[in-house]
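Structural characterization, general
Now for the letters of each chain:
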Amino acid sequence: MSIVECRGLTKVLSGTRALNEFSCDIKENTITGVIGRNGAGKTTLLKIIAGYMQQTSGEVQVFEQKPFNNLTVSANVIFVHEQLNMPAALNLREILEVMASFYKNWDMDLAQRLVNYFSFQPSAYYDGLSKGMKSTFNMILGLAARTPLTIFDEPTTGMDAAVRNDFYRALLKDYIAYPRTILLSSHHVDEIEDLLEDILLLKQGKQVLHMPIADFKECALGIEGNTAIVAKWTQDRELIFSKSGMFDTAYTVVRNNFSQNELLEMQANGLKISSLNTSDLCIYLTSKTKGGIDDVFSQS
């Protein structure tokens, strides 16, 4: 069952298409990483799904309803982001109480245990928190709400490494105990890949791919060796990234549709075959050029 369905979604902001004919389906009870560079359209997409913003054209359904200004969707979705605002007149304890009155699955015991663990003073005010502490408190809200659709947009901004690790562990443990659909946008792809079941990659407002993380890790290969031999084996393949090395060598990343016999023959011809880490593959797939920053200097 799909919790989110987007069809031909377009959003124009200041004359620019932040989303451009974007389509996807988000399955129930999965953790999906929404990945892309700055300006790729991630936050715009998440705001539309959460009902904070209306699309320019196209269709979006959340729980089979249009999300914009929809109370049913609002009651079943929490959108945690770094611009989250809290009433200045309420202290942290009072904010938790307000959240409990709105979200039917709210777990006050979990919220209070996390508040204690991260050393918050319940009588403190949200505006007085540091950027990292605000992100940590926002994370507590997102976890304790236990909404059927939980959206985290760059939730670890300002957190140090130890707190980020605590967040990831808390998210995974609570998801296992209380499955729900989670969308997680992050620049720390290498940190969150073990959490993810699916990855949704965006580039310039369009979907690059949407697949299980296990398939994503296998979808491309790095090939390194003599330039002519590399070119021979990759000439009819989909090129993702390429750069020249020293002493007439080259490194190329291509889609992995090689047979096992082909891989063995390539290795016999002196080529080095390697898998890619998730972060590097995301960078290569969303780059404007096939050679990355090196292309800037090769044109000078």
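Refer to the preceding data block for the structure.
So, here's what we can say about the structure. (Residues numbered from 1 in each chain as written. Predicted model: local features only at pLDDT ≥ 70, side-chain atom pairs only at ≥ 80, totals over all residues. Heavy atoms only, no water.)

**Some details on the packing of helix H3 (residues 92-102) against helix H4 (residues 108-117)**
In a packed pair of helices, the relevant descriptors are the angle between the two axes and the axis-to-axis distance. Between H3 and H4, the least distance of the axes is 11 Å, while the angle of their chain directions is 155°. On the basis of the axis angle, H3 is roughly antiparallel to H4. As H3 runs across H4, the sense of the crossing is right-handed. Contact residues: Leu96, Glu97 and Ala100 in H3; Met108, Ala111 and Val115 in H4. Among the residues making up the contact of H3 with H4, the classes are represented as five nonpolar, no polar and one charged. (Axes fitted to C-alpha atoms, helices over the stretch in contact; angles between N-to-C directions. Helix = DSSP H or I, 4+ residues; strand = E, 2+ residues; numbered from the N terminus. Parallel < 35°, antiparallel > 145°, perpendicular 65-115°, else oblique. Left-handed = near helix turned anticlockwise from the far one by under 90°. Contact = heavy atoms within 4.5 Å. Nonpolar A, V, L, I, M, F, W, Y, C, P; charged D, E, K, R; others polar.)

**Describing the pairing of strand E11 (residues 239-244)**
Alignment of E11 against strand E12 (residues 249-255), held across five bridges, turns out to be antiparallel. Bridge pairing in E12 links Ser244 to Ala250. From the end of E11 to the start of E12, which pair antiparallel, there are four residues, and Phe247 there has a positive phi angle of about 60°. (Pairing = 2+ DSSP bridges.)

**Focus: the packing of aromatic side chains**
Considering all chains together, one arrives at nine aromatic pairs under this definition. Here the aromatic rings of Phe241 and Tyr284 are separated by 4.2 Å at their centres, their planes lie at 15°, and the arrangement is stacked. Of this pair, Phe241 sits in strand E11 while Tyr284 sits in helix H11 (residues 278-286), placing them 43 residues apart in sequence. When its relative accessible area of 7% is taken as the criterion, Phe241 is described as buried. (Phe/Tyr/Trp six-rings, centres within 6.5 Å; stacked < 30°, edge-to-face > 60°. Buried < 20%, exposed > 50% of the residue type's maximum accessible area, 1.4 Å probe, protein only.)

**Topic: the sheet that holds strand E13 (residues 272-274)**
Taken in spatial order, the four strands of this open sheet run E11-E12-E10-E13, and their pairing is antiparallel. Of all the strands in the sheet, just E11 and E13 have a single pairing partner and so form its edges. Averaged over all pairs of adjacent strands, the angle between their axes in this sheet comes to 15°, without regard to strand direction. One ladder, built from three bridges, connects strand E10 (residues 220-226) with E13; its direction is antiparallel.

**A look at the sheet that holds strand E9 (residues 206-212)**
Within the open sheet, the six strands sit side by side as E5-E6-E7-E3-E8-E9. Their pairing is mixed. With partners counted over all chains shown, the strands left at the sheet margins are strand E5 (77-81) and E9, one partner each. In this sheet, adjacent strand axes meet at a mean angle of 15° when their direction is disregarded. Two elements, strand E3 (residues 31-35) and strand E8 (residues 198-203), share four bridges in a ladder whose sense is parallel.

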